[in-house]
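# Summary of structural features
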Amino acid sequence: MLTAVVTDKDSHGCDALQGFIESSDSQVAQLIINHDGMVKEHKAMLLQRYEQYRERDSVSCTKLNITSRALLLVDGLSDLQQKEHDLMQVGVTRGGKRNHLRQLGLAKLFEPLTRVSLAPRVSLTVGVAGIGKTTWVRHFIRQWSQGNICSEISFVLPFTFSELNSLEKLSAEKLVKIFFSHVADPSLILNSSCRTLIILDGLDEFYSNLNFSDAAPCNDPKKEMTIDDLVTNIIRGNLLPDVAVWVTSRPRVASLIPGGLVDRVTEIPGFSPKDIHIFLHHHFSERDFGSKIWAHLESHKILMVMCYIPCICWMVADTLLYILQSGTQESLPRSCTELYALFCSMKVEVGEPRGREPVKMEQLNGSNRKLLSNLGRLAFYGLLKHKYTFSEQDLRAYGVDLLLTQSSLGTGVLVREESAIHPTYRFTHLTLQEFLAATFYHVSSKRAIFDLFSESTVSWPKIGFQNHFKNAFLHAQQAEDGHLDVFVRFLTGLLCPTAIKPLAGLLALSTDGNQKAWAAGFLQGLLDSGGSIVSLRAVNLAYCLQELQHTELLRNVEDDLRLGSLAGKLTRSHCIVLGYLLHVSSECSEQTNLTASLNYTTVKCLLPQLLYCSHLRLENNHFKDDVMELLGSLLSAKDCHIQKISLAENAITNKGAKALSRALLVNRTLISLNLRNNNIGSKGAKFLAEALKMNQVLTSVNFQNNAIDEKGAQAISEVLQCNRKLVSLNIRKNSIGAGGARRIADALKTNQTLIKLILCSNQLGDKGTVALAEALKVNHTLLSLQLQSNSISNRGMTALTNALRQNHGLVSLNLRENSIGVEGAKNMAHALQQNNSLQDLDLTANLLHDEGVQAIAGAIKFNHGLTSLHLQWNFIKSTATKALAHALLSNATMQLLDLQENAIGNEGVIFLAEALKTNSSLRTLCLQGVSAGTSGAIAMADALMTNQTLQTLDLRGNTVGMEGAKALANALKHNRSLKSLNLQENSLGMDGAIFIATALKGNHQLTYINLQGNGIGESGAKVISDAIRTSASGCVVDI
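So, here's what we can say about the structure. (Residues numbered from 1 in each chain as written. Predicted model: local features only at pLDDT ≥ 70, side-chain atom pairs only at ≥ 80, totals over all residues. Heavy atoms only, no water.)

Another point: the overall build of the protein chain. Helices and strands together make up the secondary structure of the protein chain, namely 44 helices and 28 strands. Seen along its three principal axes, the alpha-carbon backbone of the protein chain occupies a region of about 100 × 85 × 55 Å. The buried share among the 1039 residues of the protein chain stands at 58%. Taking contacts inside the protein chain between residues at least 6 apart in sequence as the whole, the part at least 24 apart equals 79%. Accessible surface, the protein chain as shown: approximately 41,600 Å² in total, 50% of it carbon and sulfur. Distance between charge centroids for the protein chain: 3 Å, based on 99 positive and 93 negative side chains. (Helix = DSSP H or I, 4+ residues; strand = E, 2+ residues; numbered from the N terminus. Buried < 20%, exposed > 50% of the residue type's maximum accessible area, 1.4 Å probe, protein only. Contact = heavy atoms within 4.5 Å. Areas by Shrake-Rupley, 256 points an atom, 1.4 Å probe, with all protein chains shown as cover. Lys, Arg positive; Asp, Glu negative; His and termini not counted. Charge placed at Lys NZ, Arg CZ, Asp CG, Glu CD.)

We now examine the pattern of salt bridges. Where charged atoms from two side chains of opposite charge approach closely, those side chains can pair. Inspection of every chain in the model, using the stated rule, returns 30 salt bridges. Taking the shortest distance from any N to any O, the salt bridge between E392 and R416 comes out at 3.5 Å. Linking E392 in helix 18 (residues 392–397) with R416 in strand 10 (residues 414–417), this pair joins segments that are 24 residues apart in sequence. Residue class for R416 comes out partly exposed when judged on its relative accessible area of 37%. (Salt bridge = Lys/Arg side-chain N within 4 Å of Asp/Glu carboxyl O.)

Counted according to the given criterion, the structure contains 29 aromatic pairs. With 5.9 Å between their ring centres and 70° between their planes, F469 and F522 make a pair best called edge-to-face. With a gap of 53 residues between them, F469 in helix 21 (residues 465–478) and F522 in helix 24 (residues 513–528) connect regions that are remote in the sequence. As far as the burial class goes, F469 and F522 line up, both buried. In this structure an aromatic cluster arises from ring pairing among F380, Y381, Y398, F440, Y441, F453 and F487. Over the ring of Y388 we find R250, and its NZ or CZ is 5.0 Å from the ring centre. (Phe/Tyr/Trp six-rings, centres within 6.5 Å; stacked < 30°, edge-to-face > 60°. Lys NZ or Arg CZ within 6 Å of the ring centre and 35° of its normal.)

The subject of this paragraph is the environment of T428. Following the sequence through the fold, T428 ends up in the loop between strand 11 (424–427) and helix 20 (430–444). Sequence spacing of T428 and T411 is 17 residues, and the spatial spacing of their C-alpha atoms is 8.7 Å. Contact partners of T428, with chain neighbours within four places excluded, come to C311, M315, G412, V413, L414 and V415. A polar contact is formed between the side chain of T428 and the backbone oxygen of G412, at a distance of 2.7 Å. (Polar contact = N/O pair within 3.5 Å; in protein donor to acceptor, adjacent residues only side chain to side chain.)

Glycine aside, the phi torsion of most residues is negative, and most peptide linkages are trans. Its identity as a non-glycine residue notwithstanding, L240 has a phi of 50°, on the positive side. For L240, the location among the structural elements is in the loop between helix 10 (227–236) and strand 8 (244–249). Even without being a glycine, A845 presents a positive backbone phi close to 60°. Along the polypeptide, A845 turns up in the loop between strand 21 (840–842) and helix 38 (849–860). On the basis of relative accessible area, A845 is assigned to the partly exposed category, the value being 23%.

It is worth spelling out the pairing of strand 3 (residues 122–126) at this point. Where burial is concerned, most of strand 3 is hidden: five out of the five residues are buried. Of the two faces of strand 3, the one lined by V122, L124 and V126 and the one lined by S123 and T125 are each fully buried. Both strand 3 and strand 8 contribute to a ladder of five bridges, which runs parallel. Its bridge partner lying in strand 8, L124 is registered against V247. (Pairing = 2+ DSSP bridges.)

What follows deals with empty space enclosed by the protein. Scanning the entire structure with this criterion turns up six cavities of 30 Å³ or more. The volume enclosed by the largest cavity comes to roughly 290 Å³. In this structure, the largest cavity is lined by 22 residues; those nearest its centre are V90, T93, G96, V128 and E267. Going through the elements one at a time, helix 5 (79–83) and helix 6 (86–93) are the ones with two or more residues in the lining of the largest cavity. Its residues assigned to classes, the lining of the largest cavity comprises 10 nonpolar, nine polar and three charged. (1 Å grid on protein atoms, 1.4 Å probe; cavity = no way out; pocket = protein on both sides within 12 Å on 5 of 7 lines; lining within 4 Å. Points joined across faces, edges and corners; volume = space filled by probe spheres on them. Nonpolar A, V, L, I, M, F, W, Y, C, P; charged D, E, K, R; others polar.)

The following block contains the structure:
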C-alpha cells in the first residue's frame, strides 16, 4: 500500500515516490500521509461520544442482545408499512416477521450480497417506533470504532435528523465541520479517495419534507443550500456520489424516498412471543414475577401485541412488576389506557418519599400536575404536526419547566438526547406521546369553546365534550396514514372509570357513566355506517370499544367464531369486529377458521383484513368462481401473509382455478393449497399446473375429488419434472387411471423433492401400480405412497414388493381396500425380510387370510424397520394370530398392531396376551370386533399385570362382560403404562361399571376410557362420575 511506503513500513519503498507525495499538496497525497492518524482520532472521538449510551442500549440477556440478532433483508416496503400507524402494523401482523430474502448481521450490512454484486450506496433500515433503530446505529458505531466490523470503511459520519432540524442553510463540508470539528479538511474524507459512510438516523423526526422531484440538483460540496435540499442531494447522489449513506426511519416516512434511489432495504424485527417470554423470565425471575406477567399478557392479547415492540415491552413489564410488588394484583391493567395511566402514576410515586402508608394521589406535589398537563399539550400539538422530537425552546413554549423534566415523572416520560449542537427531547415512546395528548384533549374539551385541532387559527365554536369527541374521530377517520388511530383509542379509554383512577390526583379527569354509555352508542353508530369494505380505520373502532371496555359485541363475535356459528350474522359491524379479532384473538393466532361462514359479499367486505391471516380455512362456504377472483387478488397482493389456505367443499370450477393460478405466479407466501371436493377438472388442473411450474414456494397441494382425469395427471406430472419445492401431492378420488399413473411414475423417476403422494381411489389397477413400482426402484426420496382402493391384485403387489427389495426410501405404504391375496402377502413377506426402511404398512380389507398373514408374521421375526401393521378385515383367525403373537416375542420394533374385525376369538386374544408378557415394544393394540369374550379379556388383564409398555388397548364391540371388566379393573390397579382403554359395547352392565370405577380410584395413568353402549344406566354413570371427580380428574370418560 502507498501508506506503507510513505510511513517507512516498507523498507523497499520507492524514495522518489515518497518524496513526490510529501512535496505534493494534492488531497490524495494529504490523505495518504494523514490517513491513519485521522482515522484513529475520529474513532476515539466517536467512541467517547457514544460510550455513554452503552448501558442504555444493552440487554443483559444474551439471546436478545443486538449481537445475537439480525436485520431482515426485504424487498422494499409493503403497502401496510407505507400507509398505517406503527401499532396497527404490529397488531395486524401480530409482530410476525415479514417475508424476507435473508438475514443480515451488522457486519454484513454494507457488503455486496454476492461475489459479482456491488456494495450498496444507499441503505435504508426501517422499523416501527421503539423497535431499536437508534440502538442499532449506536451499536454499529461502537463496534466500528473498536475495529470489530466493517474495517473497509475509513470514516463513519453519524447525524440524527433531530439535530439537523436546527440547521437552516449550509454546505456538505460545513455540515461535517459542525459535528466533527476535529476534521481539519472535510473534503479529504468526502471524495473517492477513501470509503466514507454517512448515517442519517431518524428520518421520521425530520421537520422538513424531502422533495426529490423539485429539489435543485447540486454537486458542489462547498455550496450552501437549505438542509432539506442538502439531504435530498446526498441521498440522490448528486452530492458526494462516492460516499455510502445509511438512512433509518419509521416505515411510513421512509416511503417518501423513491425506491429507485435505495439499493438495500432492511427491517428490524420486533420481539416474538418467545422473545417476550425469555425477556420476562430473565429480568423478572424474582418471586416468579416473570411467569405472572406472562400469564397476564396471555389473557390480554392487546397488551401482548404491544410487547412485540421492545421499548413498550420494558414499559409494560416495569409497570406490571410495580403493581405486583405493591401486592395489588387485582389492579393489573386490562387495556392500554389503564396501562399507561398506571405507568405515569408509577413514575410519580417512585419519586415521592414512601412511608408505611402508600402515597395518596391527592397529596402529590402540584408541580407534577402542571408538568403532566403541559406535556399533554406539547404531545397533542406535536402529534398534529407529526412532530416527535422537541427542543428546549419547544418545551418552554408550551409551559414545560425544564427543571421539572429532571424529576422522576419527567425522566420517566421524556428522554433527553445530547447533541453536538443542543439537546433534544422526545417522549419515551410514540404511544406515550399519544396517551398524554389524549389526556390533554380529554381535559381541555370540557371547557374549550373552539376546535382544539386548530391551535392558532380561528375556528367555528365547538362547545361540549361530546362535540369535541366526535370531532376527534372525524379527524382520525380522515387521516389516511392512521396517525391519530391510537390517540382516539386512548381518548375513548379515558372514559372508563378504571382507566382514569390512577390519574385522579394528577389530572382533572372525572368519571361519568353517562359519557361512557354515550361513547359506546356513538362508536356503534360508526360501526354500522360507512362503506362496504372493512378498512383499518374501521377496525380501529373495535380497538376503541376494547379500550372503553364495552366488549359485549366483541365477545359475541369471538364466541361465534370459536363455535363456527358466524353464518348469517356477518353484518358490517360484525365484519369490523371480526377484522379486529383477526389481529388479537387467540382463536385466530394459529388459524382463522371461517368454515361455513362467508359469502361473496362478506369476503369482499373482509378482504383487506384476510390479507394478514397466516392459516385461512374457508371450507364449505359454497364459493363459486367469482369469489376466486377476489381471493386471487388477495393472494397476489404484496402484503399477503397467508401461508396456508383451505378452500375445500366449495363449488370451484376451472374458471376459479384459473384465477388462483394467476395469483400463484406472483405469490411468495403460500405453502399449502387445499382444493378438496371441488370441481376444477383436468382443465383447472392444467391452469394450476402451469403456475406450479413457476411457483417456487408452494409445498403442499390437495386436489382430492376434483374430477381430474389422465389429461390432468399429465399436466401434474410435468410439474413434478421441473418443480423443486412441492413435497406433498394429494390426488385422491379422481380418475387418472393407469395412463395417468404412468405419467406420474415417469416424473417420479427424476423428481427428488416429493415425499408424500396420495393416489387413492383413482382406478389405477395393476398396470398403473406396475408403473409406480418401476419408479420406486430409482426414486428413494418419496417417503409415503397411498394406493388405497385401486383394484390392485397379486400382480400389482408382486411389482411393488420387487421394488421394495431395491427401494430404501419409502417409509409408509397404504394398500387398503384392494384385492391382494395370499400370493401377494407372501411376496410382501419376502420383501420385508430384505427391506428395513418401510415403517408403516396398511393392508386393511384385502384377502390375505391365515396363510398370507402367517407368511408376513414369519418376516416380522427378522424385520427391524416395521413399526405399524394394519391387518383389519382380512379373514384372519386364531392360527394366523398365533403366528403374529410368536413373532412379537422376538420383534423389538413393532409399536402398533391392528387386527380389528377379524374373527380371532378368545383363542387368538389369549395368544396375543401371552406375547405381551414378554414384548416391550408394542404401544397400541386394536382388537375391535374380534369375537373376544370373557376368557380373552381375563387373559389380556393378566398380561397387563406384567406389561408396562402398552399404552392403548381397543376392545370395542366384543363381549367382555362383567367378569372380564372385573379382571381388567383389577389389572388397572397395578398397570402403570395404559393411557387409553376402549370398552365400548362390551355388555359390562352396571356391575362392570362399578369395577371399572373402583379401578379409576387407584389408577392415575389412564387419560381416556370409553364405556359407551354398555347398559350402565344412570346409577352406574353416577358411580363413575363420582370416581372421576374425586380420584381421576385428569381422565376423560365417555359414558
